[in-house]
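# Structural characterization, general
For reference, the chains in residue letters:
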Amino acid sequence: MNIRLKPGKDKPVRNGHPWIFSGAVAKVEGDVDLRDRLCAVYGAGGERLGVGYYNDKSTIRVRMLTVDTAVNTAVNTTKSIPTLTFTAKDLQSRIRQSIDTREKNGVLTTNTGGNTDSCRLINSEGDFLPGLIVDKYGHGVCIQIGTAGMECWRGAVVDALSDIVNPAFIYERSDTASREREGLPLSEGLIAGALPETLVITENGVKYKADLRAGQKTGFFFDQRENRALLRRYASGRNVCDCFSYSGGFAINAALGGAASVVAVDSSEEAGACLSENARLNDVSDTVKFMKSDAFTFLRQLRPYGGDRSSIDLLILDPPKFANHPSEVDRAARGYKEINLAGLRALAPGGLLFTFSCSGAVDPYLFRQIVFGAAADARRNVQILHILTAGPDHPINIAHREGEYLKGLVLKVQNL
Ligand code: SAH
């Protein structure tokens with residue numbers, strides 16, 4: 001199967017962007033082979049650009065697997081062009097490379113006497129494996145296949161992981177909305193090995209119960225690991241409020257860092273139950289209190305006590321994704337503005353705000369502008385102390401800015 005692009009649409013592909021949208025496709029030649037969905041991609045001038053996998057049900061028609069720069073100029077030459085393809089061997093070597101990077105970048109330090117046994121092993125486009133997420137949970141792994149193209153490689157992925165990682169279990173959590181957009185059924189359950197009844201993981205020495213069956217994402221948010229460790233350094237003696245707390249990553253680190261009090265706010269009862277259990281596991285139940293509430297309402301009701309009389313002097317805002325698609329950016333921006341405004345109003349003078357956005361469609365600069373708007377409206381004086389992103393187990397392909405989904409700011413907040 002061949003895909004021919006419209007004029008001018010080849011450049012991002014040549015530069016390594018892995019997505020080709022329906023609007024960039026001029027012509028589709030041949031039928032898709034449902035065994036691998038592979039297609040060769042050509043520019044408008046007839047030059048071959050690389051190989052990807054195809055799905056006519058998705059607005060992202062092609063996700064590129066290889067871009068062969070060597071053949072980019074081959075259109076008018078008589079030199080033989082090597083066959084561009086993508087095989088199970090290529091897949092296996094990318095999986096191996098991804099895991100190798102994690103072993104070398106110090107995230108997983110168990111072998112060297114450290115204290116983190118879990119992290120992301122494969123980060124989809126960021127590891128040149130579009131549609132594949134693999135998270136390591138202790139001795140096991142949890143996989144998420146998000147696209148029809150990657151679904152074709154399911155068997156090869158499982159084989160490669162068994163070979164390279166030899167995990168105690170392989171669990172699957174392919175239950176994302178993206179699968180529905182790809183025309184795939186949801187798929188969940190145990191693929192290999194045995195899942196322990198209670199799974200406890202360690203991150204920077206902190207213990208968390210991870211619920212692979214019912215938890216959010218694949219069960220835990222590994223992308224905040226380094227930001228939680230940073231928070232721990234700032235928490236001593238502070239009254240901390242962790243909004244959108246989920247299983248308590250920030251709240252527990254705050255308590256371990258010596259916070260005077262920690263209130264964790266989440267609208268989910270189950271998240272609260274998990275958080276309370278994690279607080280017990282880490283011996284900080286006396287400090288961490290869970291409050292089931294809508295975070296917007298919770299912060300707004302603090303407002304009358306804000307300003308000089310506010311008791312909160314370290315606030316974390318880590319809301320769920322507000323924009324799933326570029327068309328939702330305006331609505332998301334209003335949401336971020338609102339929550340940051342409420343947060344900035346509630347913080348005591350001299351307080352710190354750790355504020356995050358995990359919407360890929362809201363870029364880091366826009367996020368900063370939104371927070372600036374909130375600071376101006378709240379009449380607060382704000383200094384940026386840290387600019388944050390996800391850790392190195394969530395690499396980003398530099399050509400794929402959509403992959404830079406997590407961004408955060410640590411702000412010191414004073415009165416004007
Ligand atoms: N900070 C967490 C991850 C947050 S995920 C960590 O470090 O692991 C987002 C959380 O926001 C989810 O637990 C979800 O239940 C919660 N949530 C979603 N909407 C909410 C709302 N309006 N108010 C409070 N919590 C909300």
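Keep in mind that this is a model prediction, so the values were computed, not measured. (Residues numbered from 1 in each chain as written. Predicted model: local features only at pLDDT ≥ 70, side-chain atom pairs only at ≥ 80, totals over all residues. Heavy atoms only, no water.)

A word on the pattern of salt bridges. Throughout the structure, instances matching the rule amount to 21 salt bridges. One salt bridge connects E226 with R225, and the closest N-O pair in it is separated by 4.0 Å. When its relative accessible area of 42% is taken as the criterion, E226 is described as partly exposed. With a relative accessible area of 3%, R225 lands in the buried category. Taking the shortest distance from any N to any O, the salt bridge between R300 and E338 comes out at 2.4 Å. Taken as a pair, R300 in helix α9 (residues 295-302) and E338 in helix α10 (residues 329-346) lie far apart in primary sequence, 38 residues in all. Exposure remark for R300: the relative accessible area of 42% places this residue in the partly exposed category. A cluster of three or more residues bridged by salt bridges with shared partners is formed by E151, R154, E172 and R179. (Salt bridge = Lys/Arg side-chain N within 4 Å of Asp/Glu carboxyl O. Buried < 20%, exposed > 50% of the residue type's maximum accessible area, 1.4 Å probe, protein only. Helix = DSSP H or I, 4+ residues; strand = E, 2+ residues; numbered from the N terminus.)

Here the focus is the environment of A88. Inspection of the secondary structure puts A88 in helix α2 (residues 88-104). Here the alpha-carbon distance between A88 and A156, two residues 68 residues apart in the chain, equals 6.1 Å. What A88 contacts, discounting residues up to four positions off in sequence, is W153 and A156. (Contact = heavy atoms within 4.5 Å.)

Take the site of the ligand next. Around the ligand lies a shell of 15 residues, among which R228, D266, D294, A295 and D318 are the nearest. With respect to the ligand, the side chain of D318 contributes an N or O atom lying 2.7 Å from a nitrogen atom. For the ligand, whose accessible area on its own is 590 Å², the fraction buried by protein is 89%. Looking at side-chain class alone, the shell around the ligand contains six nonpolar, five polar and four charged residues. (Near = heavy atom within 4 Å. Polar contact = N/O pair within 3.5 Å; in protein donor to acceptor, adjacent residues only side chain to side chain. Areas by Shrake-Rupley, 256 points an atom, 1.4 Å probe, with all protein chains shown as cover. Nonpolar A, V, L, I, M, F, W, Y, C, P; charged D, E, K, R; others polar.)

This paragraph deals with helix α11 (residues 364-378). Between its first and last C-alpha, α11 extends 21 Å over 15 residues, near the 21 Å set by a 1.5 Å rise per residue. The set of residues buried in α11 consists of F367, I370, V371, G373, A374, A375 and A378. Where α11 is buried, its residues meet α10, β18 (351-357), β19 (380-389) and β20 (407-415). The N-capping residue of α11, defined by a side-chain oxygen 2.9 Å from the backbone nitrogen of Y365, is D363. In the stretch just after α11, R379 is the one whose phi turns positive, near 60 degrees. (Expected span 1.5 Å × (residues − 1).)

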